[in-house]
Amino acid sequence: MKINVRGLLAVTALITASTFTLAGNLAPDADIQARIDEANTTAAAFLKQLGGTMKHEMQSGGPVAAMSVCRDAAPKIANDISLKKGWKVTRVGTRVRNPMLGMPDAWEQRVLQSFEKRAAQGEKYSGMTHYEVVEEPAGKSLRYMKAIGTAPQCMVCHGSTAQIAQPVRERLNVMYPHDKAVGYKPGDLRGAVSIKQPLED
Ligand code: HEC
């Protein structure tokens, strides 16, 4: 049989789109619920560890030194968790500084948009999550995202030009010539922790 790739993609998109609208309304079965709980715990621990390391580095070395927390520590912790759990754990942004690591895929972009809608209706970013079982040509997986709000302490590297000190701006310009992750205000959606757990078919 000749497989029409376009048709296949369209079907996949349809399945994804329908699960997307249904997610949250269906009571998950026990296995999925356990996986969601584990994703919740993992994402919260990841953010807590990052926040603690960032605070420590900012106090001891200042913002230029602390850049390595968002640059090196965050992907390293995410990578370690991924290897340990057999999941894909990443951090994505609504606007991206490092396109290689921080760029959300189509599903993640839709969830980020839905997070902003939920916030507009009064929900807080802390504690805002979304999960969904998705089917793709590579198999079935449980996808999960936990919102990351922008805190005042993020402004020194993600705020307006006036808020970012000259030496930090210079480092950012050299390291990230296509940096889009600036101009945030406290309370904005900065991005999300994104977790993908492969499921048995
Ligand atoms: C000292 C500077 C600095 C501070 C403070 C900082 N960041 Fe970052 N942030 C960076 C750098 C540098 C990157 C690029 C990381 C990379 O190369 O993957 C980044 C990337 C990110 C990303 C990944 C998406 C992207 O744009 O590439 C997220 C999400 C993020 N930061 C969130 C935060 C949040 C939330 C805070 C406040 C709690 C914060 N950052 C504070 C420097 C900083």
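Residues numbered from 1 in each chain as written. Predicted model: local features only at pLDDT ≥ 70, side-chain atom pairs only at ≥ 80, totals over all residues. Heavy atoms only, no water.

## Concerning the coordination of the iron atom of the ligand
Then step 1. Every protein donor of the iron atom of the ligand is accounted for by Cys70 (SG) and His158 (NE2), and the metal-donor separations fall at 2.1 to 2.3 Å.
Then step 2. Viewed at the metal, the six donor atoms of the iron atom of the ligand are separated by angles of 88 to 179°, and the geometry they form is octahedral. With a gap of 88 residues between them, Cys70 in helix α2 (residues 30-85) and His158 in helix α5 (residues 155-158) connect regions that are remote in the sequence.
Then step 3. In this structure Cys70 comes out as partly exposed when scored by relative accessible area, which is 29%. (Donors = N, O, S within 2.8 Å, 3.2 Å for Na, K, Ca; no water. Tetrahedral: all angles 85-135°; square planar, octahedral: opposite > 155°, others 65-115°. Helix = DSSP H or I, 4+ residues; strand = E, 2+ residues; numbered from the N terminus. Buried < 20%, exposed > 50% of the residue type's maximum accessible area, 1.4 Å probe, protein only.)

## Describing the confidence of the model for the chain
Then step 1. The share of residues in the chain with pLDDT of 70 or more is 87%, and the mean pLDDT across the chain is 88.
Then step 2. Across residues 1-23, where pLDDT falls below 50, the model places 20 contacts with residues more than four positions away in sequence or in other chains. (pLDDT = per-residue confidence, 0-100. Contact = heavy atoms within 4.5 Å.)

## A short note on the pattern of salt bridges
Any two side chains of opposite charge can pair, given that their charged atoms come close.
Then step 1. For the structure shown, the criterion picks out nine salt bridges.
Then step 2. Note that Arg118 and Glu123 form a salt bridge whose closest N and O atoms lie 2.8 Å from each other.
Then step 3. What emerges from the salt-bridge pattern is a single network uniting Asp105, Glu108 and Arg143. (Salt bridge = Lys/Arg side-chain N within 4 Å of Asp/Glu carboxyl O.)

## Some words on the site of the ligand
Then step 1. Lining the immediate environment of the ligand, one finds 24 residues, of which Cys70, Cys154, Cys157, His158 and Tyr176 sit closest.
Then step 2. The backbone of Arg97 places a nitrogen or oxygen atom 2.8 Å from an oxygen atom of the ligand.
Then step 3. Within the side chain of Tyr176, an N or O atom sits 2.6 Å from an oxygen atom of the ligand.
Then step 4. When each cavity is represented as a set of grid points, the ligand is found to reside in the largest pocket. (Near = heavy atom within 4 Å. Polar contact = N/O pair within 3.5 Å; in protein donor to acceptor, adjacent residues only side chain to side chain. 1 Å grid on protein atoms, 1.4 Å probe; cavity = no way out; pocket = protein on both sides within 12 Å on 5 of 7 lines; lining within 4 Å. Sits in = over half its atoms within 2 Å of the grid points.)

## Some words on the sheet that holds strand β4 (residues 189-198)
Then step 1. Taken together, four strands build an open sheet; the order of strands is β1-β4-β3-β2 and the sheet is antiparallel. In this open sheet, the two edge strands, each paired with only one partner strand, are β1 (88-93) and β2 (129-136). Pairs of neighbouring strands in the sheet enclose a mean axial angle of 25°, with direction left out of account.
Then step 2. Across the sheet, α2 touches β1, β2, β3 (139-149) and β4, and the angle it forms with β3 is around 45°.
Then step 3. Lying on the sheet, helix α4 (residues 106-120) is in contact with β1, β2, β3 and β4; it crosses β3 at an angle near 40°. (Pairing = 2+ DSSP bridges. Axes fitted to C-alpha atoms, helices over the stretch in contact; angles between N-to-C directions.)

## Re the pairing of β2
Then step 1. Pairing analysis gives eight bridges linking β2 to β3, with the strands arranged antiparallel. By the bridge assignment for β3, Glu136 is matched with Gly139.
Then step 2. In this structure, the hairpin formed by β2 and β3 is closed by a connection of two residues.

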